[in-house]
Amino acid sequence: MKKLFRHSAWLLFLALGIATSSGAQSQAASEASGGKSPLIISVFQQATLLPGASGVFGIIHPGVSAGTAFRYNKSDVNQWFQTAKLAVSYHQYVQTSIQIFSEAGYRRRIWQGLGAEFRLGAGYLHSIPGVEVFKLKDNEYQTKPRIGRPQAMVSAAGGLSYATQQDIRFFVDYQFFIQMPFVKNYVPLVPNTAVHAGVAFPFFNFKK
């Protein structure tokens, strides 16, 4: 358990490092929203499904995500941005996954505070088995430590949001991501669909 906490802390520091680096590069665009980048927080439900398949809410597999985003332009109508996020999800009997990833996104203001967006992303996924894992050694099965293993992920997401005059944005996102390699030579790619509900508000004040 101590190893798991140390590993999670390392991932969190890595996420903050990415956020700080991206913030320095995008400071000029951040000035369009009062000089602060948002804190983005969401809770989500995840299922091992292809996009569009029914049953996302059939069995509860919860998750939570936190991160930030940086603007690359100053337009209030057409917004280009980059995210840096850390997420943790739990899939009973399968895995607990720790995800650290970044997305390139486009958001379009539709009417008043309503907006729609699309994002493409990639990153690191650490998979921790949800059940005990055994290995055969000297004709005996021995329990392997469940410290998990590194994997990769690619993602696509779309969402609708509503932003207040104080630049607080409430959103619902539909995310699809592929986890790889899951089981080499057997199930190399695992599709995952997640539905997010969350809020973003000005928080980080990045400076050069």
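Residues numbered from 1 in each chain as written. Predicted model: local features only at pLDDT ≥ 70, side-chain atom pairs only at ≥ 80, totals over all residues. Heavy atoms only, no water.

J.: Sorry if this is basic, but what is going on with a nonpolar patch on the surface here?
T.: A surface patch of nonpolar side chains, about 680 Å² in accessible area, is lined by Ile-110, Trp-111, Leu-114, Leu-160, Tyr-162 and Phe-170. At the level of elements, strand S4 (95–111) and strand S8 (149–163) are the ones that each hand at least two residues to the nonpolar patch. Position of Leu-114 among the secondary structure elements: in strand S5 (residues 114–129). (Patch = residues over 30% accessible without salt bridge, like charges linked within 9 Å, V, L, I, M, F, W, Y side chains within 5 Å. Areas by Shrake-Rupley, 256 points an atom, 1.4 Å probe, with all protein chains shown as cover. Salt bridge = Lys/Arg side-chain N within 4 Å of Asp/Glu carboxyl O. Helix = DSSP H or I, 4+ residues; strand = E, 2+ residues; numbered from the N terminus.)

J.: Mind showing me how you'd approach the packing of aromatic side chains here?
T.: Aromatic rings considered in pairs are described by the distance between their centres and by the relative angle of their planes. Applying the stated criterion to the full structure yields three aromatic pairs. When the ring of Trp-80 is compared with that of Tyr-106, the centres are 4.7 Å apart and the planes differ by 45°; the resulting orientation is tilted. Of this pair, Trp-80 sits in strand S3 (residues 78–91) while Tyr-106 is found in strand S4, placing the two residues 26 residues apart along the sequence. In this structure Trp-80 comes out as partly exposed when scored by relative accessible area, which is 48%. (Phe/Tyr/Trp six-rings, centres within 6.5 Å; stacked < 30°, edge-to-face > 60°. Buried < 20%, exposed > 50% of the residue type's maximum accessible area, 1.4 Å probe, protein only.)

J.: What should I look at first to understand the sheet that holds S3 in this one?
T.: Pairing between the strands of a sheet is mediated by backbone hydrogen bonds and can be parallel or antiparallel. One closed barrel holds the eight strands; their spatial order is S1-S2-S3-S4-S5-S8-S9-S10, and the pairing between them is antiparallel. Neighbouring strand axes in the sheet, compared pairwise and without regard to direction, differ in orientation by 25° on average. As paired elements, strand S1 (residues 37–47) and strand S10 (residues 190–204) share 11 bridges and run antiparallel to each other. The residue bridging Val-43 from the neighbouring strand is Ala-197, located in S10. (Pairing = 2+ DSSP bridges. Axes fitted to C-alpha atoms, helices over the stretch in contact; angles between N-to-C directions.)

J.: Looking at this model, I keep getting lost on the pairing of S3. Mind explaining?
T.: Moving residue by residue along a regular strand, the side chains alternate between the two faces of the sheet. Counting buried positions over the 14 residues of S3 gives 10, a clear majority of the element. In this structure, strand S2 (residues 62–71) lies alongside S3, joined through nine bridges in antiparallel fashion. Across the sheet, Gly-63 pairs through a bridge with Ser-89, a residue of S3. Hairpin connection of S2 to S3: six residues between the antiparallel strands. Bridge count between S3 and S4: 14 bridges; the pairing is antiparallel. Within S4, the position partnered with Tyr-90 by the bridge is Thr-96.

J.: It is not clear to me how the nonpolar core should be interpreted in this structure. Could you clarify?
T.: The nonpolar side chains of a soluble globular protein tend to be buried, and buried together. Within the largest apolar cluster, seven residues are counted, these being Phe-44, Ala-87, Phe-101, Leu-125, Met-153, Phe-177 and Ala-194. With near-sequence residues (within four places) excluded, Met-153 lies in contact with Gln-99, Phe-101, Ala-122, Gly-123, Tyr-124, Leu-125, Gln-175, Phe-177 and Ile-178. Core analysis: the next-biggest nonpolar cluster, separate from the first, contains five residues, Ile-40, Ala-69, Phe-81 and Ala-200 among them. (Core = buried A, V, L, I, M, F, W, Y, C linked by side-chain atoms within 4.5 Å. Contact = heavy atoms within 4.5 Å.)

J.: Mind showing me how you'd approach the environment of Ala-163 here?
T.: Structurally, Ala-163 can be placed in strand S8. By relative accessible area, Ala-163 is classed as buried at 9%. Spatially, the C-alpha atom of Ala-163 lies 9.4 Å from that of Arg-109, the residues being 54 residues apart in sequence. When residues no more than four places from it in sequence are discounted, the contact partners of Ala-163 are Arg-109, Gly-113, Ile-168 and Arg-169.

J.: What is the right way to read the pattern of salt bridges from this model?
T.: For side chains of opposite charge, pairing can occur when their charged atoms come near one another. Across all of its chains, the model carries six salt bridges by this definition. Note that Glu-117 is salt-bridged to Arg-119, the shortest N-O span being 2.6 Å. Arg-119 matches Glu-117 in its accessibility class, with the two residues each being buried. Close ionic contact of Arg-169 with Glu-117 constitutes a salt bridge, the shortest N to O distance being 3.4 Å. Here the residue Arg-169 occupies a position in strand S9 (residues 169–180), and Glu-117 occupies one in strand S5, the gap between them amounting to 52 residues. An identical accessibility class is assigned to Arg-169 and Glu-117; each is buried. By sharing partners, the salt bridges in this structure join Lys-85, Glu-103, Arg-107, Glu-117, Arg-119, Arg-169 and Asp-173 into a single network.

J.: Hey, could you run me through the confidence of the model for the protein chain in this one?
T.: Detailed reading of predicted coordinates is not advised where the pLDDT is low. With 71% of its residues at a pLDDT of at least 70, the protein chain reaches an overall mean of 81. For the protein chain, helix H2 (residues 27–30) is the element with the lowest average pLDDT, namely 41, and S9 is the one with the highest, namely 96. In this model, residues 1–13 is a region of pLDDT below 50 whose contacts with residues beyond four sequence positions or in other chains number 12 contacts. Counting interchain partners and residues more than four positions distant, the pLDDT-below-50 stretch residues 18–32 has 27 contacts. (pLDDT = per-residue confidence, 0-100.)

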